[in-house]
Amino acid sequence: MRRPRTMRLTLDSRRGHTVPLALVAALALYPLLRRPILTWGATCEEAASCLPGDELLEDADGVSTRASTIDAPEASVWPWLAQMGPSPRGGAYTYDWIENLLGLDMHRVDHVLPEFQHPEVGDTIALGSNRMRLERVEPGHVLAWRSEDGNWVWTFVLQAHDGTTRLISRNRFRLPKIAARIGMLPMEPASLLMERKMLLGIKERAERLA
């Protein structure tokens, strides 16, 4: 039976308000969700701590600290970090198809690449338009990359704990323009999706290697 016109207008009006209300709710809840998004897997102490590499970008506008416990010694985790990067390196152990939609040329591998096991300060890789340079290397413990423009530092830290290893990934960003700050908000959940997969991918490979 055909609804009266006044009823149709009421239903259409309600539908029209659904999207704005959902958007308002999402914006209201996001501050509560943001901390878990930026600190997935990390303890409160790890998230608040000063880590090696922080000195490379002290006045950061955004920081994420994510972590995973790996049932393997540091020596089994390090090779996967050392060889990370676009082809012919080992990839990023995450969703290749997403990364390659962005033109990153990532192809994750499941074996150690001997030719990339000795990273040195000054080594560079390209992540799309970002050229990353190794600025700090402590073999077996710390790798810190910094973008060519100085606005992004990505550091990996390995900490031994009773036969296991804490793998900590910290990103520090400088966002000089308001548009960049606004654009980073939807990027934060997306980065969690990718980085969680990466940390678990390294965990799986390191435990298998051990």
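Please read these numbers as outputs of a predicted model, since none were measured by experiment. (Residues numbered from 1 in each chain as written. Predicted model: local features only at pLDDT ≥ 70, side-chain atom pairs only at ≥ 80, totals over all residues. Heavy atoms only, no water.)

Caption draft 1: How the structure looks around the overall build of the protein chain. Helix and strand counts for the protein chain come out as five helices and six strands. Taken from the N to the C terminus, the helices and strands of the protein chain come in the order α-α-β-α-α-β-β-β-β-β-α. Expressed as a percentage of its 210 residues, the buried residues of the protein chain come to 41%. (Helix = DSSP H or I, 4+ residues; strand = E, 2+ residues; numbered from the N terminus. Buried < 20%, exposed > 50% of the residue type's maximum accessible area, 1.4 Å probe, protein only.)

Caption draft 2: Geometry of the sheet that holds strand S4 (residues 142–147). Read from one edge to the other, the open sheet built from six strands follows the order S1-S6-S5-S4-S3-S2, with strand pairing classed as antiparallel. Looking at the sheet topology across the chains shown, the edges are occupied by strand S1 (62–70) and strand S2 (124–127). Ignoring which end each strand starts from, the neighbouring axes of this sheet average 20° apart. In the sheet, strand S3 (residues 130–138) pairs with S4 via six bridges, with the strands oriented antiparallel. Paired with Arg 133 across the strands is Arg 146, a residue of S4. The sheet contacts of helix H3 (residues 74–82) involve S1, S3, S4, strand S5 (152–161) and strand S6 (164–173), and relative to S5 the element is tilted by about 165°. (Pairing = 2+ DSSP bridges. Axes fitted to C-alpha atoms, helices over the stretch in contact; angles between N-to-C directions. Contact = heavy atoms within 4.5 Å.)

Caption draft 3: Structural detail: the pattern of salt bridges. Tallied over the full model, the rule gives 14 salt bridges. Note that Arg 174 is salt-bridged to Asp 59, the shortest N-O span being 3.0 Å. Within this pair, whereas Arg 174 is found in the loop between S6 and helix H5 (178–209), its partner Asp 59 is found in the loop between helix H2 (44–48) and S1, the two being separated by 115 residues in sequence. Assessed through its relative accessible area of 26%, Arg 174 is described here as partly exposed. The salt bridge involving Glu 204 is made with Arg 208; its shortest N-O contact spans 3.5 Å. Highlighted residues: Glu 204 and Arg 208, both in helix H5, separated by four residues, approximately one helical turn. Exposure remark for Arg 208: the relative accessible area of 46% places this residue in the partly exposed category. When salt bridges that share partners are traced, they join Asp 54, Arg 170 and Arg 172 into one network. (Salt bridge = Lys/Arg side-chain N within 4 Å of Asp/Glu carboxyl O.)

Caption draft 4: Structural context of the pairing of S3. In terms of strand pairing, S2 meets S3 through four bridges, oriented antiparallel. Residue pairing across strands places Ala 126 opposite Arg 131, the latter belonging to S3. Linkage of S2 to S3, two consecutive antiparallel strands, is achieved through a turn of two residues, within which Gly 128 is found at a positive phi near 65°. As consecutive antiparallel partners, S3 and S4 are separated by three residues, and within that stretch Gly 140 has a phi angle of approximately 85°, a positive value.

Caption draft 5: Spotlight on the environment of Leu 143. When you line up the elements, Leu 143 lands in strand S4. Owing to a relative accessible area of 0%, Leu 143 belongs among the buried residues under this scheme. The sequence separation of Leu 143 and Ala 82 amounts to 61 residues, and the corresponding C-alpha distance is 7.9 Å. Leu 143 has contacts with Trp 78, Leu 81, Ala 82, Pro 119, Leu 134, Arg 136, Val 137, Trp 154, Thr 155 and Phe 156, leaving out every residue within four places of it along the chain.

Caption draft 6: Inspection of the side chain of Gln 117 at higher detail. In this fold, Gln 117 is placed in the loop between helix H4 (96–101) and S2. Residue class for Gln 117 comes out buried when judged on its relative accessible area of 14%. Only 3.3 Å separates the side chain of Gln 117 from the backbone oxygen of Pro 79, close enough to count as a polar contact. Once you skip the residues sitting within four places of it in the chain, Gln 117 turns out to touch Trp 78, Pro 79, Ala 82, Gln 83 and Val 112. (Polar contact = N/O pair within 3.5 Å; in protein donor to acceptor, adjacent residues only side chain to side chain.)

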